[in-house]
Amino acid sequence: MDIKQLKHALIDIETQARQAVEAASTLEQLRRVRPRFLGRKGSLGQLMATIRDYPPEQRGLAGQTLNAASQAVTRLFADHQKRIESSEVAAEASRADAFDASLPGVRPPLGNVHPVTAVQWEIEHVFQRLGFTVEAGPEMESEYYNFEALNIPAMHPARDLQDTFWLSNGMLLRTHTSPVQVRTMEKFGPPIRCIVPGRCFRYETVDASHETTFHQCEGLVVDRNISIANLIAVMRLLLREVFKRDVKIRLRPGYFPFVEPGFELDMSCLICGGSGCPTCKKSGWVEILPCGMVHPNVLRYGGIDPHEYTGFAFGLGLTRLAMMKYGVSDIRVMNSGDVRALVPPSRLAGSMIVEKQ
Ligand code: DAH
């Protein structure tokens, strides 16, 4: 076959290839016709094998001609492959249940919330409806606000009740949220209705119910004619709102130097239903709400006249309350970073989702 015949043969092959390619309507069909032209035994491949039969001076031209034809046929296949692919996408997209990438997405509720945060939001919500403000104070606190201004003088044995992390600068990590009581009295003066959720620290041996880092929520009301009846009413309301039912409680005398009289308010353990478990130290009751009437000395430290004003205060164990509410039996889980303990948005009170996201 001379060069002229070769060119004619190649034109024929290209024409056949074009017809074969265009007849293919799926990728699979296209794949199947390809070897007929481009494979080693295909029509182009066979012609390639004849190059060495040409006289040396014609071999170069024969090779170039064959290569050009082979590239043209390869392009035919590639172009048709693209056409099939895009028509398949279009067919897929026009199906009734097709995915429409241009539609705006459904935004999933973002993130889960730590049980302590969830309970804190809920308590803030309850108290804000009662006209309380939400205050904050420093976690690194002075001895004065943490102890002295709360009627716990330097040599007072009550300081032993709280094992304190002392810092090298003479300050300490607050052992409770109570120091914010006097700070708030100084800042605003009476009347006061506030809560103070916050982190506290104690040098404790860690076990199922003790942690070195935990949360409390202080409460303080100072006004004229505040009595124990007000205190009990607010405590009951608080527990009812948090647990969405009347929770069994008991009130015992309790000693805290900054209140007089002072009480321990216990609630029936919701982890074991009152039968006794490690969380309630097998007693069936959990100390959750120490409280009392603000000691006159504390009012004086805050610059308030105890003859004119009285008040009540409470120190809610926020971490413990969260454990009760969300059924976490071991306090160590709370600081573990274990995401399984987090509260999904579906379990938060509706108002909290709107407010906090
Ligand atoms: N601050 C106390 C503690 O951490 C708790 C407490 C008790 C707070 C009685 C109060 C209160 O406001 O009235 O142990």
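The model shown is predicted, which means the values in this text are computed figures rather than measured ones. (Residues numbered from 1 in each chain as written. Predicted model: local features only at pLDDT ≥ 70, side-chain atom pairs only at ≥ 80, totals over all residues. Heavy atoms only, no water.)

1. Some points on the domain arrangement of the protein
Link 1 in the chain: Looking at the assigned domains, one finds that the protein contains domain 1 (3-94) and domain 2 (115-347).
Link 2 in the chain: Taking only C-alpha atoms into account, the centre of domain 1 sits 83 Å from that of domain 2. (Domains from an automatic or database assignment.)

2. Some points on the pattern of salt bridges
Link 1 in the chain: Under the criterion given, the structure shown has 14 salt bridges.
Link 2 in the chain: Among the ionic pairs, R31 bridges to E28, the shortest N-O distance being 2.9 Å. Of the two residues, R31 and E28 both sit in helix α2 (residues 27-38), 3 residues apart, roughly one turn of that helix.
Link 3 in the chain: Between D266 and R252 there is a salt bridge, and its shortest N-O distance comes to 2.8 Å. (Salt bridge = Lys/Arg side-chain N within 4 Å of Asp/Glu carboxyl O. Helix = DSSP H or I, 4+ residues; strand = E, 2+ residues; numbered from the N terminus.)

3. What to know about the site of the ligand
Link 1 in the chain: The immediate surroundings of the ligand are formed by 16 residues, with H176, S178, R202, Q216 and E218 found nearest.
Link 2 in the chain: With respect to the ligand, the side chain of H176 contributes an N or O atom lying 2.8 Å from a nitrogen atom.
Link 3 in the chain: Between S178 and the ligand, the recorded distance is 2.8 Å, taken from a side-chain N or O atom to a nitrogen atom.
Link 4 in the chain: A total of 350 Å² of accessible area belongs to the ligand in isolation, and the protein chains cover 94% of it.
Link 5 in the chain: Where the shell around the ligand is concerned, the elements lending two or more residues are β5 (213-223), β8 (285-294) and β9 (310-317).
Link 6 in the chain: Looking at the shell around the ligand residue by residue, the class counts come to 7 nonpolar, 7 polar and 2 charged. (Near = heavy atom within 4 Å. Polar contact = N/O pair within 3.5 Å; in protein donor to acceptor, adjacent residues only side chain to side chain. Areas by Shrake-Rupley, 256 points an atom, 1.4 Å probe, with all protein chains shown as cover. Nonpolar A, V, L, I, M, F, W, Y, C, P; charged D, E, K, R; others polar.)

4. Here's the deal with the packing of aromatic side chains
Link 1 in the chain: Counted under the stated rule, the structure contains 8 aromatic pairs.
Link 2 in the chain: Taken together, F127, F132 and F314 form an aromatic cluster joined through their ring pairs.
Link 3 in the chain: Geometry around F77 places R34 over its ring, the cationic atom sitting 5.4 Å from the centre.
Link 4 in the chain: Just above the ring of Y145 sits the side chain of R183; from NZ or CZ to the centre is 4.1 Å. (Phe/Tyr/Trp six-rings, centres within 6.5 Å; stacked < 30°, edge-to-face > 60°. Lys NZ or Arg CZ within 6 Å of the ring centre and 35° of its normal.)

5. Side note on the sheet that holds β5
Link 1 in the chain: Spatially, the 7 strands line up as an open sheet ordered β1-β4-β5-β9-β8-β7-β6, and their pairing is mixed. Every interior strand has two partners, whereas the edge strands, β1 (133-134) and β6 (249-253), have only one.
Link 2 in the chain: Taken together, the 10 bridges between strand β4 (residues 192-201) and β5 define a ladder with antiparallel strand orientation. In the strand pairing of β5, R193 is matched with V221. (Pairing = 2+ DSSP bridges.)

6. Here's the deal with a nonpolar patch on the surface
Link 1 in the chain: Nonpolar side chains collect at one region of the surface, where I228, I232 and L251 lie side by side and expose about 210 Å² of accessible area between them.
Link 2 in the chain: Relative to the helices and strands, I228 is located in helix α8 (residues 228-243).
Link 3 in the chain: Given a relative accessible area of 32%, I228 falls into the partly exposed group. (Patch = residues over 30% accessible without salt bridge, like charges linked within 9 Å, V, L, I, M, F, W, Y side chains within 5 Å. Buried < 20%, exposed > 50% of the residue type's maximum accessible area, 1.4 Å probe, protein only.)

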